[in-house]
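# Notes for the structure review
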Amino acid sequence: MRMLNSALLITTGCACVLISAGCASSTKNDKAAASVRRASTDLHLQSRALNHTIHALTNLVDSSPRDLKQPLEQYEYALENLYDSVERTENSVQRMRRHTTAYLDFWNQQLTNINYEVVRSRSAEREEAVRSELEFVMERYVETREAMLPLLAYFEDIRKALRTDLTAGGLASVRPIAANAVSNARKLDTALARMIRDFTGSAARMSSVIVPGVEPLTPTSDDAPTAQPAEAALR
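Residues numbered from 1 in each chain as written. Predicted model: local features only at pLDDT ≥ 70, side-chain atom pairs only at ≥ 80, totals over all residues. Heavy atoms only, no water.

## Description of the packing of helix α3 (residues 117–164) against helix α4 (residues 168–206)
Where α3 meets α4, the axes come as close as 9 Å, and the angle between the chain directions of the two elements is 160°. With respect to their mutual orientation, α3 and α4 come out roughly antiparallel. Taken as a pair, α3 and α4 cross one another with a handedness that is left-handed. (Axes fitted to C-alpha atoms, helices over the stretch in contact; angles between N-to-C directions. Helix = DSSP H or I, 4+ residues; strand = E, 2+ residues; numbered from the N terminus. Parallel < 35°, antiparallel > 145°, perpendicular 65-115°, else oblique. Left-handed = near helix turned anticlockwise from the far one by under 90°.)

## Some words on the nonpolar core
In this structure, Leu 50, Tyr 75, Leu 82, Met 148, Phe 155 and Phe 199 are the most contacted members of the largest nonpolar core, which totals 52 residues. The biggest single contributor to this core is α3, with 14 residues. Apart from residues no more than four positions distant in its own chain, Leu 82 is found in contact with Gln 46, Ala 49, Leu 50, Thr 53, Met 148, Leu 152 and Phe 155. (Core = buried A, V, L, I, M, F, W, Y, C linked by side-chain atoms within 4.5 Å. Buried < 20%, exposed > 50% of the residue type's maximum accessible area, 1.4 Å probe, protein only. Contact = heavy atoms within 4.5 Å.)

## With respect to the packing of aromatic side chains
Taken as a whole, this structure holds two aromatic pairs when the rule is applied. Ring geometry for Tyr 75 and Phe 155: centres 6.4 Å apart, planes at 75°, overall edge-to-face. Residue Tyr 75 is located in helix α2 (residues 69–111), and its partner Phe 155 is located in helix α3; the two are separated by 80 residues in the primary sequence. Residue Tyr 75 shares its accessibility class with Phe 155, and that shared class is buried. Taken together, a centroid distance of 5.5 Å and an interplanar angle of 40° make the contact between Tyr 103 and Trp 107 tilted. Taken together, the positions of Tyr 103 and Trp 107, both in helix α2 and four residues apart, correspond to about one turn of that helix. Both residues of the pair, Tyr 103 and Trp 107, belong to the buried class. (Phe/Tyr/Trp six-rings, centres within 6.5 Å; stacked < 30°, edge-to-face > 60°.)

## Description of a negative patch on the surface
The grouping of Glu 128, Glu 135, Glu 139 and Glu 143 at the surface amounts to a negative patch. The topology assignment puts Glu 143 in helix α3. (Patch = residues over 30% accessible without salt bridge, like charges linked within 9 Å, V, L, I, M, F, W, Y side chains within 5 Å. Areas by Shrake-Rupley, 256 points an atom, 1.4 Å probe, with all protein chains shown as cover. Salt bridge = Lys/Arg side-chain N within 4 Å of Asp/Glu carboxyl O. Lys, Arg positive; Asp, Glu negative; His and termini not counted. Charge placed at Lys NZ, Arg CZ, Asp CG, Glu CD.)

## Quick notes on the pattern of salt bridges
In total, this model carries 13 salt bridges according to the counting rule given. When the shortest N-O distance is used, the salt bridge between Asp 42 and Arg 88 registers 3.8 Å. Separated by 46 residues along the polypeptide, Asp 42 in helix α1 (residues 2–62) and Arg 88 in helix α2 bring together distant segments of the chain. Residue classification places Asp 42 among the buried residues on the basis of a relative accessible area of 2%. Between Asp 198 and Arg 197 there is a salt bridge, with the nearest N and O atoms lying 3.3 Å from each other. Classification of Asp 198 as buried rests on a relative accessible area of 4%. A relative accessible area of 47% places Arg 197 in the partly exposed class. One salt-bridge network, held together by shared partners, links Arg 38, Asp 42 and Arg 88.

## Comments concerning the packing of α2 against α3
Relative orientation of the contacting elements α2 and α3 amounts to 165°, with a least axis distance of 10 Å. Taken together, the axes of α2 and α3 are roughly antiparallel relative to one another. For the pair α2 and α3, the crossing hand works out as left-handed. The residue inventory of the contact of α2 with α3, partitioned by class, reads 21 nonpolar, four polar and twelve charged. (Nonpolar A, V, L, I, M, F, W, Y, C, P; charged D, E, K, R; others polar.)

This is how it looks when you write it as structure tokens:
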């Protein structure tokens, strides 16, 4: 009887360890999913801020108002919000990177505790698929961010030019430059929309809450960000 009790105690202790590991895994993957979802939300807000900036600049240079001060103020306000949004998104993505890295590291640790090869190999394949998906969305984010930074500098130069020459002539001089900036900003917003879709899908696929209709991410070369190199995009 004492031997049986000892066996039961050992079994119960192992079960507790397994349950604890399972709970930790669930917590880590849901934390990772929540961080990706937060980044997706901030990317959506960044897209909205970019569109507000496009609208404000277009209104300033194309509507030909009698008093240019208020449209310039609206453009400056929109641009400041865009700066804040880009910074907020960067912070969210870095937080996402930390949580997803912790989750994948934990997953790799758990692989060594799986006894059966068939189970371990299937889990390793899933880990590699999730890792590859996260690397893909991160690469897309970095490329889009690298296109956003020179666009911000371009918007800022337009603001500086108009601050010193807020006249009909000054407005006419920046009008073609502004049109080029708006054109590139719209292309970048298209890349943002694709990135938001991928971030949202990744968050859903990583969560313990099943979202119907979410398909696996299948990256292709044709689906890469279309943002051009900084200088070429702004000419």
